[in-house]
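Coordinate inspection notes
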Amino acid sequence: MAVFKEAFNKVLKHEGGYASVSNDAGGETMYGISRKYFPDWKGWAIIDRNKPLKHNKKIVSSELDGLVSEFYRLNFWDKMRGTEIKDQPVANFIFDFYVNSGRTALIQVQRTIGAIDDGIFGANTIVVINNHGAELLQTLKCVRIQFVRNIVKNNTSQNKFLIGWLSRINSF
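Here goes a summary of the coordinates provided. Worth saying up front: this structure is predicted, and the values here are computed from it rather than measured. (Residues numbered from 1 in each chain as written. Predicted model: local features only at pLDDT ≥ 70, side-chain atom pairs only at ≥ 80, totals over all residues. Heavy atoms only, no water.)

1. A look at the sheet that holds strand β3 (residues 33-34)
Each strand in a sheet pairs with another by means of backbone hydrogen bonds, the pair being arranged parallel or else antiparallel. Spatially, the three strands line up as an open sheet ordered β1-β2-β3, and their pairing is antiparallel. On the outer flanks of this sheet lie β1 (18-20) and β3, each paired with one strand and no other. As paired elements, strand β2 (residues 28-30) and β3 share two bridges and run antiparallel to each other. Looking across to β3, one finds that Thr 29 is bridged to Ser 34. (Pairing = 2+ DSSP bridges. Helix = DSSP H or I, 4+ residues; strand = E, 2+ residues; numbered from the N terminus.)

2. Some details on the packing of helix α4 (residues 88-101) against helix α5 (residues 103-113)
Packing of α4 against α5 leaves a shortest axis separation of 6 Å and a crossing angle of 135 degrees. Taken together, the axis directions place α4 and α5 in an arrangement best described as oblique. Along the contact surface, α4 presents Ile 94, Phe 97, Tyr 98 and Ser 101, while α5 presents Arg 103, Thr 104, Ala 105, Leu 106, Gln 108 and Val 109. Looking at the contact of α4 with α5, its residues break down into six nonpolar, three polar and one charged. (Axes fitted to C-alpha atoms, helices over the stretch in contact; angles between N-to-C directions. Parallel < 35°, antiparallel > 145°, perpendicular 65-115°, else oblique. Contact = heavy atoms within 4.5 Å. Nonpolar A, V, L, I, M, F, W, Y, C, P; charged D, E, K, R; others polar.)

3. Looking at helix α1 (residues 4-15)
Across its 12 residues, α1 extends 16 Å between first and last C-alpha, which sits within 8% of the 16 Å expected from 1.5 Å per residue. Within α1, burial applies to Phe 4, Ala 7, Phe 8, Val 11 and Glu 15. Buried residues of α1, seen end-on, are gathered within an arc of 100 degrees and therefore sit on one face of the element. Of the residues in α1, the exposed ones pointing more than 90 degrees away from the buried face are Lys 5 and Lys 13. Considering only its buried residues, α1 is in contact with α3 (62-77), α4 and α8 (162-170). (Expected span 1.5 Å × (residues − 1). Buried < 20%, exposed > 50% of the residue type's maximum accessible area, 1.4 Å probe, protein only. Arc of directions from axis to C-beta.)

4. Description of unusual backbone geometry
Along the chain, Lys 51 connects to Pro 52 via a cis peptide bond; the corresponding omega equals 5 degrees. Looking at the secondary structure, you find Pro 52 in the loop between α2 (43-49) and α3. With phi around 70 degrees, Asn 56 is a residue other than glycine that occupies positive phi space. Mapping Asn 56 onto the fold places it in the loop between α2 and α3. Here the phi dihedral of Arg 81 falls at roughly 55 degrees; this positive angle occurs in a residue that is not glycine. Summarising the element assignment, Arg 81 is placed in the loop between α3 and α4.

5. Quick look at the nonpolar core
General note: in soluble globular proteins, nonpolar side chains tend to be found buried as a group. Ranked by internal contacts, the top residues of the largest apolar core, which has 51 residues, are Trp 41, Ile 47, Tyr 72, Met 80, Ile 94, Phe 95 and Ile 129. Elements with a contribution of two residues or more to this core: α1, α2, α3, α4, α5, α6 (123-131), α7 (135-154) and α8. The element best represented in this core is α4, accounting for eight residues. In contact with Tyr 72, not counting residues within four places along its chain, are Phe 4, Phe 8, Val 11, Leu 12, Glu 15, Tyr 31, Gly 32, Ile 33, Trp 77, Phe 95 and Val 99. (Core = buried A, V, L, I, M, F, W, Y, C linked by side-chain atoms within 4.5 Å.)

6. Some details on the environment of Phe 38
Residue placement: Phe 38 occurs in the loop between β3 and α2. Its relative accessible area of 27% is what places Phe 38 among the partly exposed residues. Residues Phe 38 and Leu 162 lie 124 residues apart in sequence; the distance between their C-alpha atoms is 24 Å. Every residue in contact with Phe 38, bar those within four places of it in the chain, is listed here: Ile 33, Trp 44, Phe 71, Asn 75 and Phe 76.

7. A few points about the pattern of salt bridges
All told, the structure shown has 10 salt bridges when counted by the stated rule. One salt bridge connects Asp 96 with Arg 144, and the closest N-O pair in it is separated by 2.7 Å. Here Asp 96 is found in helix α4, whereas its partner Arg 144 is found in helix α7, with 48 residues between them in sequence. In this structure Arg 144 comes out as buried when scored by relative accessible area, which is 3%. (Salt bridge = Lys/Arg side-chain N within 4 Å of Asp/Glu carboxyl O.)

By themselves these figures say nothing about function.
In structure tokens:
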């Protein structure tokens, strides 16, 4: 069964430190956590105490590290039932997709595997994921590449992120 820590470490390699980039839908972020979408996250108090922060600056704080890990586990890993997925690379990829694209990623995965596309990973979705072979990862990568290309097609201001998104996808 897949292990959260491995998936979490892979995601954090891509998330970086502090960012506040124009045209980024998430707005101000720290370790990939968006203040816009998660304004009540307890880690913002620590981040605000350390401001001003330069782009990609990381804060050395075991308390913040714990809050970041807990945030990703509760808001993404547990909701996608990551520990129940047998193939670690597939779990890593789905976790990363979910972190970047929210519930839409889960729907994309469900459509790809032929499960009910409600954006909720129930027992059936997990069974179907686990019944797929090694080809599932490559199939999901293709789906996600098309997904990010469609984002740029529908909103050209996002084009500046495309190379980074594709690089991230291809790192799996």
